[in-house]
Amino acid sequence: MKPQMITLHINGRTHYVALNPNLTLLVALRDLGYTDVKSGCEKGDCGACAVFLNGVAVNSCLVLAAQADEGEILTAAGLGTSEHPHPLQTAFSDAGAIQCGYCTPGMIISAKALLDHKPHPTDAEIRDAISGNLCRCTGYAQIIQAVQSAAEKMDAGGEG
Amino acid sequence: MENKNFQVVGQITPRKDGVARVTGQEKYTVDMTLPRMLYGRTVCSPYAHARIKSIDTSAAEAMGAVVLTFKDIPPIRYNERIITVEWALHKDHYILADKVRRMGEPVVAVAAETEALAEKAARAVKVEYEPLPVLIDPREAMKPGAAPLYDTVMYGDKEIKIENNIACTRDVIEGDVDKAFAESDVFVEGTFKTHKIYHAQMEPKSVLCRPEPDGGITVWATTQSIHNTRIVLGQIFDIPLSKINVKRMAVGGTFGSSIQMNSVVPIGVALALKARRPVRLTLTREEDMHDHGRFGTDAHIKIGAKKDGTLTGVEMEMIADLGAHIIQGYSFLGVSIGWVVSLYRLPNVRYKGVGVYTNKAPGCAMQGYGNPQATLAIESLLDELAEKLGIDPLQLRLKNYVGLGMTFWGQGPMVRSIVWSDGVPELLGKGQEIIGWDKRESPDTKSGRFRRGIGLGRGFHTTSAGAPQPGDVIDFSGALVKVNQDGSVDVVTAMVDHGGGTWEAIAKLVAETLCVPLDKVNVVPSDTFSTVYDVCTHATRGTYAGGGAAVKVAEQVKKEIFETAAHYLNVQPDALKLRMDHEQGQAVIYVPSIPDRKMTLKQLASRTWSESWKTIAAVDSYRPTNCPPAYVTIFLEIEVDTWTGAVRTLQTALGVDCGTVVNPDGAVGQLEGGLSRGLGMALYEDNEWNDQGQLLSKGYWVDAKTPGIMESPALKDLNTHFADTYEPTGPLGAKGIGEAALNPVPAAYANAIYNAIGIRFYELPITPEKILGALMEQENMVKEGVH
Ligand code: FES
Ligand code: FES
């Protein structure tokens, strides 16, 4: 197998990488140090690896890195920083929606994908949006609450 | 002494590690890399039971991979979980398999420059197997003539023979059951079965090892106990513990799955030592599913009672499905009867527990450690008894539960203590009101497609395995607390936080004790080199024992603060007091009667520093002499769709008596998480094996039926409440929650389903298929009755 050159724009930075064409975007991102993209199953079951690829939330373990060539990628770390967290990140932290935190980056990506299209989601819409993300710790109630409260804050502050 | 005027404890505060976790900056073991690191892979057996005839590694070695086989590893059998004392510990496990006893067992390990090359090298290894008969059902495995998994195993330092695949047995007799039964008016009994379900922690188990120039190793590992991991590595590799450093990591949930040194750890260490390079080894999700699971149980239980509902005694026989290795089977047999007799007063006991090897994933601790299985049985039987006697199930429980002043078995027959705080009546009362218990009707009044039912499950979990005397379970913690030059405080502990907020609780307890604002108290990163021993984050002991150690040491620091400040302020140390000053963001040491004699902790600490005197610090160990029960009651209202068999949760009342509530939002999270995992255990999760020892889920998580967001009840229907209690043996009155939150959940579902459709289920999970089947049978019986 011959390595292939691809270009990935990740959280506003451009990376030129040589990689085997059978590698997934998940592996490529983590190898580049974007370990905020979590690996849970590598089979599309858990949602821990969710990122935005050209504005669409995808499970990065189900996308070949080569398919993302020239793509714009946004990961949870790209959404906000310690000083300026995204309202969803603040809400997750404040609402008790994190325990071990391993599912959290993927959850936040799925939640943002929802709020991008539906700023005022119903309980059912939130469940639908998060239905591809597993969390073994929280029982999900506080995650739903976090998404609702972020939606309210973003609405009031015009953010997001 | 009871004092609930807390400034930090009981406040809702943003979690200290929250920002790192929501922005993805938190590093778990699987996220760690080192320069010149190699990637490890294991060659896993495609058979569940087989002899290894030959291994050819030449092709893998030709690719440049470092390869390990059985002949390269120390020939030592170990037990990965050393919470049990040596004399009661079975050891049957080598780093790589001498013989294959479960699907996916690591037979060969390789390490290579890239993950892809490691995978290729692993595939190039040729192993010839001689398949042996596969034993999935413990009852089959126990039959004379069944293929033996083992000839011998180690028990302590003795080698013992294994007959009929029975790894261990345990008999417990208390009082006189025959006499008690002869004097009983009524009996209830049943055979309850639970399955070997999967922990489904989100982080795959991983290890990173770096060989050090002095012959030592540094290890980053997914584990609940850094010190026990170090001790086992020392035993296997014969390296002095002073040269083994295990780093405490953030852990992506465990639910018991990393109570031990995980199987990847010694493989990773052996690879790194052979390669003389760092090696990282991570299980795939499929490998993880074969690596561990809950203990399956099959228990026959009979309880006797008097006409007035007083319980007289219990007889119980249980077969535990240990899987391919015994990790903690012997203790499991002990705790299982312990949970039973600690739920309700059963003074006469006859118990036999048998632990049996099968060709499945080894059983290890999983939230509750046999408690949800035992509670399912007892809470179901209590409902049956109440119906027989015409007593309100809630009253029957109040009459018989083990509460204030009574003896309680924390971890099996050898860990007993007294109950000092008891919120059970309050929890039952509140739950009764929230769920509308009094409008509960009997199943025969219900008809139509959708039938509603209300059910109750009450339970508890031991907080730590502390006791007045040593037993067969090691239980103590330690802490180092030091005051920095600016008045901030470092807490150095080996205790792992697997997600529930243990570090947050420890920080709050120390902040409260030293009157230092919470943002200036940090539980700092640590490892085995920098900490004194802590046994493990298990047994719901994080806050109680880990927090207990931190408070004990913080009290010593407080004493030293007073003695040192007394010198500067020229007063008696006993005259000094501490208060939290939010404006200055400091602890202030003062004399109530002389207002100008005061100084901040910062002033004190910077003077002891600049005057070349000392660091104000203390370090100590703490052995809890008690293991108080954290009580939980779960009331549920559910609806059974009699056309599809689906069960929907309509309303819940989740109550806990955890003593002083340290992290209120975290405590709610524990209850809700417990409900979710308990609901999975009750209704969905099975993790079935076929007769060849293969998982039917084939390693696909979705097919293991871990509950998702669609299965979780709506937020508005989750009601959580706390009992107002104070545990006198706990740090600032606290007990734990953790496992208690799950233990009664499956029982509550079984009881609610019975109340809805009048059918009692004795085997989990209660799937729609089983409900439909039972409803059909019920209908047929009615029809036959008519004709
Ligand atoms: S790692 Fe991609 S869905 Fe689980
Ligand atoms: S917080 Fe642990 S898996 Fe979601």
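Residues numbered from 1 in each chain as written. Chains lettered and ligands numbered in written order. Predicted model: local features only at pLDDT ≥ 70, side-chain atom pairs only at ≥ 80, totals over all residues. Heavy atoms only, no water.

In this section: the side chain of B:Asp490. Residues and elements named next belong to chain B. Within the secondary structure layout, Asp490 lies in strand S22 (residues 489-492). Here Asp490 falls in the buried class, since its relative accessible area comes to 16%. A distance of 3.0 Å separates the side chain of Asp490 from the side chain of Asn484, its partner in a polar contact. The residues contacting Asp490, other than those within four sequence positions of it, are Leu480, Val481, Lys482, Asn484, Asn522 and Val524. (Helix = DSSP H or I, 4+ residues; strand = E, 2+ residues; numbered from the N terminus. Buried < 20%, exposed > 50% of the residue type's maximum accessible area, 1.4 Å probe, protein only. Polar contact = N/O pair within 3.5 Å; in protein donor to acceptor, adjacent residues only side chain to side chain. Contact = heavy atoms within 4.5 Å.)

Further remarks concern the domain arrangement of chain A. In many analyses, interface size is given as the accessible surface area lost on bringing the parts together. Residues and elements named next belong to chain A. For chain A, the assigned domains are domain 1 (4-78) and domain 2 (82-157). Here the C-alpha centroids of domain 1 and domain 2 sit 21 Å apart. Between domain 1 and domain 2, the residue contacts involve 15 residues of the former and 12 residues of the latter. With both chains or domains summed, domain 1 and domain 2 bury close to 1100 Å², and 65% of this area falls on carbon and sulfur atoms. When the buried surface of domain 1 facing domain 2 is broken down by residue, Lys38, Phe52 and Ala76 rank first, second and third, together holding 42% of it. Across the contact surface, domain 1 and domain 2 share 0 salt bridges. One can count 5 residue pairs in polar contact (both at pLDDT 80 or more) joining domain 1 with domain 2. Residues belonging to the side of domain 1 that touches domain 2 are distributed by class as follows: 8 nonpolar, 4 polar and 3 charged. (Domains from an automatic or database assignment. Buried area = accessible area lost by both parts, 1.4 Å probe. Salt bridge = Lys/Arg side-chain N within 4 Å of Asp/Glu carboxyl O. Nonpolar A, V, L, I, M, F, W, Y, C, P; charged D, E, K, R; others polar.)

With that out of the way, let us pick up unusual backbone geometry. All names here are of chain B. Cis geometry is adopted by the peptide bond preceding Pro765, which originates at Leu764 and carries an omega value of -10 degrees. Position of Pro765 among the secondary structure elements: in the loop between helix H17 (745-757) and helix H18 (768-786). The backbone of Ser464 sits at a positive phi, close to 75 degrees, despite the residue not being glycine. If you trace the backbone, Ser464 turns up in the loop between strand S20 (450-462) and strand S21 (477-483).

Now for the packing of helix H13 (residues 502-514) of chain B against helix H14 (residues 542-569) of chain B. Residue and element names in this part refer to chain B. Contact geometry for H13 and H14: axes closest at 9 Å, N-to-C directions at 25 degrees. Taken together, the axes of H13 and H14 are roughly parallel relative to one another. Relative to H14, the crossing made by H13 is right-handed. From H13, Thr502, Ala505, Ile506, Leu509, Val510, Thr513 and Leu514 reach across to H14, where they touch Gly542, Thr543, Gly546, Gly547, Ala550, Val551, Ala554, Glu555, Val557, Lys558 and Ile561. (Axes fitted to C-alpha atoms, helices over the stretch in contact; angles between N-to-C directions. Parallel < 35°, antiparallel > 145°, perpendicular 65-115°, else oblique. Left-handed = near helix turned anticlockwise from the far one by under 90°.)

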